[in-house]
Amino acid sequence: MSTNSMSDPRRPNKVLRYKPPPSESNPALDDPTPDYMNLLGMIFSMCGLMLKLKWCAWVAVYCSFISFANSRSSEDTKQMMSSFITHNP
Amino acid sequence: MGQGHRELPERPPAERRPDQARASPEQFRPRAVTSSSQQPPPASSCPGAGRRGAQARTGRTLCAMKTLPAFCVVLLVLWSVSEAKFDDFEDEEDIVEYDDNDFAEFEDVTEDPAPESPQRVVTTEDDEDEATVELEGQSENQEGDFEDADAPEGDTENEPYDDEEFEGYEDKPDTTSSKNKDPITIVDVPAHLQNSWESYYLEILMVTGLLAYIMNYIIGKNKNSRLAQAWFNTHRELLESNFTLVGDDGTNKEATSTGKLNQENEHIYNLWCSGRVCCEGMLIQLRFLKRQDLLNVLARMMRPVSDQVQIKVTMNDEDMDTYVFAVGTRKALVRLQKEMQDLSEFCSDKPKSGAKYGLPDSLAILSEMGEVTEGMMDAKMVHFLTHYADKIESVHFSDQFSGPKIMQEEGQPLKLPETKRTLLFTFNVPGLGNTYPKDMEALLPLMNMVIYSIDKARKFRLNREGKQKADKNRARVEENFLKLTHVQRQEAAQSRREEKKRAEKERIMNEEDPEKQRRLEEAALRREQKKLEKKQMKMKQIKVKAM
């Protein structure tokens, strides 16, 4: 019903390649959660290290976990792992 | 003095023995003495006896006969006395060290009290508790030392220590032990020194939380993946019958169908389809809920949200007429009108109810012109919209689509954003978050609607009036935009001109050859003159026209 019964709607000669959407506007529009969580994690880990507060360190661990879970896969896995490891004191 | 006293202080017996030796023959051998009063002591008598001649010879033999046993007796006596003396000394070395004078001081001092007092100290130490051993023991030792020093000086008796001496000792251990019993309390070892589970309760709690988060991450990721795969399996046939290229991530050299979804995220999956009549391509985005994030899961318990399927069809320029149209839930349309550039510019009215066309009350319409609405709402479309109203979030057709409004800090952008003819569909997956893979089958008819809409958009053409209106609208929008940005554009043009002049001047300055310099300068002057003339001409023309 969606296609013409006689002809095939497919046009192989009109194939267009997939172009990933431009990354200019996307990072601003996308969910900022991973970036916020990254920043929070860094702040809390510094606090926990300097002020010797155990709970700060644990909150930092949680923040880094949340940031990792929400991250966009466009970022390198290596970058994520390195940031994850550095945030955990 | 004599043999009766065995504990006599030690005196050099060597000196005593001659005395005793002299005395003893006088005491114990009266016969020998009385028998020969003239005779000197036997020790000295023998040599003397030898001088007196024949008489002396007989006397000598007689003397010898008598002196020999006397001598033996003396020796015996001496030996017995020395035995008695040696009983006192255990070490032979001590015998030599002492003088007569020293004996007076040490009359009563023997070794017995000395061992006794240390024994006493030791026993008191044993009685006390270990916690106070060091302090008490030290004091006891000091006391014992004092006692040792005092005893030889103070006590003049030869007897062993009385009970008087040890009165203090007996009391003190009792008092100290009683004192020790009261203050000693068993204190609990502080928590941070303990080695039990209780001291780590925070760590255990946190690690448990982390484990829960990780478990949720894995479970959520898997569920999203399963949902995406179920959707694709359901729609694969339809897509493959309509599009040549199903699934492309843009990395392959050749345009071959990958036949699978692009995983952009743990909760976002993309699919690009292309190769169909009248459209450039179709991008399908499965926007699932963030099931992998525990925080999100907890937030969704408060406020349920649905998974969404977003479809964006890019139309060819010749295959779509110029209009802007949207249908959807009232809430969604209000939001879109605020966000989207084209909807805010072309569809200024509030969303209207679609009841006139037979749509349910939940859906509303935003349209540029009434004619567009009329054209779009044909029977089939109404049928689709009515039957699947609960799953439709929004349907947006536009030839001026440029995405959401871009908020720039430096005022309006200088150029109008690029527009593309697009059809946008947003569908809600049924289940409100609690979706199962089989729910994806419910979305299949919606995909049919999409395909139908593509064809419809191609077929639908505005009549002349509609076209004129549409063109007028677009011109109006453009003019407004230009007016807003006029000042900024002027400034931009001015700055560009200034930069050109500066560049030219620099070029002239940099020219080393003086001739060339002169020539360039002349050329620049001429150009400026020409410009001035042109301006003057324009002004004259305007004046003439005005007149």
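Residues numbered from 1 in each chain as written. Chains lettered and ligands numbered in written order. Predicted model: local features only at pLDDT ≥ 70, side-chain atom pairs only at ≥ 80, totals over all residues. Heavy atoms only, no water.

Under the convention used in this document: UniProt positions are given in the numbering used here, feature names are shortened, and annotations may be inferred rather than shown by experiment.
Under an unreviewed UniProt entry, chain B has the name PAT complex subunit CCDC47 and belongs to Erinaceus europaeus. On record in UniProt, under Sequence similarities (unreviewed entry), the comment for chain B is "Belongs to the CCDC47 family." Under the Subcellular location (unreviewed entry) heading, UniProt states for chain B: "Rough endoplasmic reticulum membrane".

You'll find chain A entered in an unreviewed UniProt entry as PAT complex subunit Asterix, with Erinaceus europaeus given as the organism. Per UniProt, chain A has the following entry under Sequence similarities (unreviewed entry): "Belongs to the Asterix family." The Subcellular location (unreviewed entry) field of the UniProt record for chain A holds the comment "Membrane".

### A look at the overall build of chain A
Test applied: Note on conventions: DSSP H or I runs of at least 4 residues are helices, E runs of at least 2 residues are strands, and numbering of each starts at the N terminus. The buried label applies to any residue whose accessible area, calculated with a 1.4 Å probe on protein chains only, is under 20% of its type's maximum; exposed applies above 50%, and partly exposed to all values in between. Contacts: residue pairs with any heavy atoms within 4.5 Å of one another.
What chain A contains, in helices and strands, is four helices and zero strands. Helices (α) and strands (β) of chain A occur, in sequence order from the N terminus, as α-α-α-α. Here chain A, with 89 residues, has 29% of them falling under the buried criterion. Of the contacts formed within chain A by residues at least 6 apart in sequence, a portion of 51% connects residues at least 24 apart.

### Description of the overall build of chain B
Put simply, the rule reads: Where accessible areas are quoted, they stem from the Shrake-Rupley method and a 1.4 Å probe; at the residue level, only the protein chains shown are allowed to cover.
Scanning chain B for helices and strands turns up 18 helices and 10 strands. Burial statistics for chain B: of 547 residues in total, 36% are counted as buried. Taken as a whole, chain B presents about 35700 Å² of accessible surface, with 53% of it coming from carbon and sulfur.

### Things to note about the side chain of Asn270 of chain B
Stated formally: Within 3.5 Å is the distance limit for a polar contact, defined as a pair of N or O atoms, with the added protein rule that one can donate a hydrogen and the other accept it, and that residues adjacent in sequence qualify only through two side-chain atoms.
Summarising the element assignment, Asn270 of chain B is placed in strand S3 (residues 268-276). Here the side chain of Asn270 of chain B touches Glu264 of chain B through a polar contact of 2.8 Å, side chain to side chain. Non-local contacts of Asn270 of chain B, meaning those with residues more than four positions away in its chain, are made with Tyr18 of chain A together with Leu261, Asn262, Glu264, Ile284 and Gln285 of chain B.

### Let's talk about the interface of chain B and chain A
Condition: Once two parts are put together, the accessible area they lose, assessed with a 1.4 Å probe and summed over both, is termed the buried area. Only one rule defines a salt bridge in this text: a Lys or Arg side-chain nitrogen within 4 Å of an Asp or Glu carboxyl oxygen.
On the chain A side, the residues contacting the 45 residues of chain B number 28 residues. Interface area lost by chain B to chain A is led by Met206, Leu210 and Tyr213 of chain B, which between them contribute 16%. Where chain B touches chain A, the interface holds two salt bridges. Glu203 of chain B serves as the salt-bridge partner of Lys54 of chain A, at 2.6 Å between the closest nitrogen and oxygen.

### Describing helix H12 (residues 330-339) of chain B
Given 3.6 residues to a turn, an α-helix orients residues that are three or four positions apart in the same direction. All names here are of chain B. As a reminder of what qualifies: Taking the helix axis as origin, the arc is that swept by the directions to the C-beta atoms.
Taken together, the buried positions of H12 are occupied by Ala332, Leu333, Leu336 and Gln337. Take H12 and look down its axis: the buried residues cluster within an arc of 135 degrees, on one side only. Residues of H12 that are exposed and point more than 90 degrees away from the buried face comprise Lys331 and Lys338. On its buried side, H12 packs onto strand S6 (324-329), helix H13 (341-346), strand S8 (363-367) and strand S9 (392-401).

### Section: the packing of helix H2 (residues 33-51) of chain A against helix H3 (residues 54-70) of chain A
All names here are of chain A. Heads up, the rule is: Lines fitted to C-alpha atoms define the axes here, with helix axes fitted over just the stretch in contact, and angles between the N-to-C directions of these axes take values from 0 to 180 degrees. In this scheme, roughly parallel covers angles under 35 degrees and roughly antiparallel covers those over 145, while 65 to 115 is roughly perpendicular and the rest are oblique. Handedness of each helix crossing follows the sense of rotation of the near helix against the far helix: counterclockwise by less than a right angle gives left-handed, clockwise gives right-handed.
At their nearest, the axes of H2 and H3 sit 8 Å apart, and the two run at 160 degrees to each other. The orientation of H2 relative to H3 falls into the category roughly antiparallel. In the crossing of H2 with H3, the sense of the turn from one axis to the other is left-handed. Side by side, H2 and H3 meet where Thr33, Pro34, Met37, Asn38, Leu40, Gly41, Phe44, Ser45, Cys47 and Gly48 of the first sit next to Trp55, Cys56, Ala57, Val59, Ala60, Cys63, Ile66, Ser67 and Asn70 of the second.

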